[in-house]
Amino acid sequence: MEIALLFVALFGLLVFGVPVAIALAGSSALYVLVSGSVPPMVVAHRMINGVDSFPLLAVPFFILAGNLMNTAGITERIFNFALSMVGWMRGGLGHVNVGASVIFAGMSGAAVADAGGLGAIEIKAMRDAKYDPEFAVGITAASSTIGPIIPPSLPMVIYGVVASASIGQLFAAGFVPGLVMALSLMVMVAIMARRRGYPRDQAFVVSVLLSSFRRAFLSLLTPVIIVGGILTGAFTPTE
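The following paragraphs examine the structure supplied in this document.

Calculation rules
- Residues numbered from 1 in each chain as written.
- Predicted model: local features only at pLDDT ≥ 70, side-chain atom pairs only at ≥ 80, totals over all residues.
- Heavy atoms only, no water.
- Helix = DSSP H or I, 4+ residues; strand = E, 2+ residues; numbered from the N terminus.
- Buried < 20%, exposed > 50% of the residue type's maximum accessible area, 1.4 Å probe, protein only.
- Polar contact = N/O pair within 3.5 Å; in protein donor to acceptor, adjacent residues only side chain to side chain.
- Contact = heavy atoms within 4.5 Å.
- Arc of directions from axis to C-beta.
- Axes fitted to C-alpha atoms, helices over the stretch in contact; angles between N-to-C directions.
- Parallel < 35°, antiparallel > 145°, perpendicular 65-115°, else oblique.
- Left-handed = near helix turned anticlockwise from the far one by under 90°.
- Nonpolar A, V, L, I, M, F, W, Y, C, P; charged D, E, K, R; others polar.
- Phe/Tyr/Trp six-rings, centres within 6.5 Å; stacked < 30°, edge-to-face > 60°.
- Core = buried A, V, L, I, M, F, W, Y, C linked by side-chain atoms within 4.5 Å.

1. Section: the side chain of Ser84
Along the chain, Ser84 falls in helix α5 (residues 74-86). Under the relative-accessibility criterion, Ser84 is labelled buried at 3%. A polar side-chain atom of Ser84 sits 2.8 Å from the main-chain carbonyl oxygen of Phe81. Contacts of Ser84, omitting those with residues within four sequence positions, involve Gln202, Phe204, Val208, Leu209 and Ser212.

2. A word on the environment of Leu30
Along the chain, the position of Leu30 falls in helix α2 (residues 20-35). Here Leu30 falls in the partly exposed class, since its relative accessible area comes to 34%. On a C-alpha basis, the gap between Leu30 and Ala100 in space is 45 Å, while along the polypeptide they are 70 residues apart. Beyond its immediate sequence surroundings of up to four residues, Leu30 is in contact with Leu5 and Ala9.

3. Comments concerning helix α9 (residues 154-163)
Those residues of α9 that fall on the buried side of the exposure criterion are Leu154, Met156, Val157 and Gly160. Burial along α9 is one-sided: seen end-on, the buried residues are contained in an arc of 165 degrees. Away from its buried face by more than 90 degrees, α9 exposes Tyr159 and Val162. Following α9 by one or two positions, Ser164 has its phi on the positive side, about 55 degrees.

4. A closer look at unusual backbone geometry
Phi is positive for Lys130, which is not a glycine, with a value near 70 degrees. Here Lys130 shows up in the loop between α7 (111-128) and α8 (133-144). Judged by relative accessible area, Lys130 falls into the exposed class, the value being 68%.

5. Comments concerning the packing of helix α1 (residues 2-15) against α2
Viewed as axis vectors pointing N to C, α1 and α2 meet at an angle of 155 degrees, and their least axial separation amounts to 9 Å. Comparing the axis directions of α1 and α2 gives the class roughly antiparallel. Where α1 crosses over α2, the handedness of that crossing is right-handed. Here Glu2, Ile3, Leu5, Leu6, Ala9, Leu10, Leu13 and Leu14 of α1 come into contact with α2, specifically with Val20, Ala23, Leu24, Ser27, Ser28, Leu30, Tyr31, Val34 and Ser35. Broken down by class, the residue content of the contact of α1 with α2 amounts to 13 nonpolar, three polar and one charged.

6. What to know about the packing of aromatic side chains
If you walk through the whole model with that rule in mind, you get six aromatic pairs. Between Phe7 and Phe11, the ring centres sit 6.4 Å apart and the planes meet at 20 degrees, which makes this aromatic pair stacked. On the criterion of helical spacing, the pair formed by Phe7 and Phe11 is a turn pair, its members being four residues apart in helix α1. Here the aromatic rings of Phe135 and Tyr198 are separated by 5.1 Å at their centres, their planes lie at 40 degrees, and the arrangement is tilted. Of the two residues, Phe135 sits in helix α8 while Tyr198 sits in the loop between α11 (175-196) and α12 (206-231), which places them 63 residues apart along the sequence. Exposure class is identical for Phe135 and Tyr198. Each is buried. Cluster of aromatic residues (ring-pair linked, three or more members): Phe81, Phe213 and Phe217.

7. Points about the nonpolar core
Judged by nonpolar contacts, the single largest core of 31 residues is most densely connected at Met126 and Ile146. Only α5, α6 (92-108), α7, α8, α11 and α12 provide two or more residues apiece to this core. In terms of residue count, α6 provides more of this core than any other element does, eight residues in total. Contacts of Ile146, omitting those with residues within four sequence positions, involve Val98, Val102, Ala105, Gly178, Met181, Ala182 and Leu185. Core analysis: the second largest hydrophobic core is formed by 10 residues, Val59, Phe62, Val157 and Phe171 among them.

Shown next, in the form of structure tokens:
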């Protein structure tokens, strides 16, 4: 009976538009009160201890960093650098989409920040270049999932806190899987570009590559500083 009440309360709150976090907490609190299995003060104490975590402060800080980069135009510099580097390939903007996501993943650590920041630029550029809309949206959504894999990663921070695992070691373990994901997506883009006849979007010019690299240089140092500092013990993810 109590379990049924838990699910009814949860879905009822979600239907009325209550935020997911509040719906989960409210329905769980109702279950505890009705079942009487745990004293209410113990529940409050555990909830406070659950969020009173120094490493978890890294989550809003990484999100803030991603939003600041979007607002300051850093995402556009990353996109232009990726375009000058791989835009000469057939289906170049698809490869740019993946490459820019790999770079931005080392800064924001979240798929939502990647899709919201670079996604708007990438989809508009691909639609203007006559790419199929479903291909543009699909590759943008798929490449944004690299964000939680390549460090710094918000899910890794949360997992490290919950499982008492080393966040630095989790970050180090994310590099290879993230790059494998990116390589696999680029292979898929190359196959689809050849089948659909997508163009080469920009000729490879060394001067343009150097110019875009110069503008994006400080942005590209961000993941090096973040991951390098954590792995060398210079600072924690939150710091």
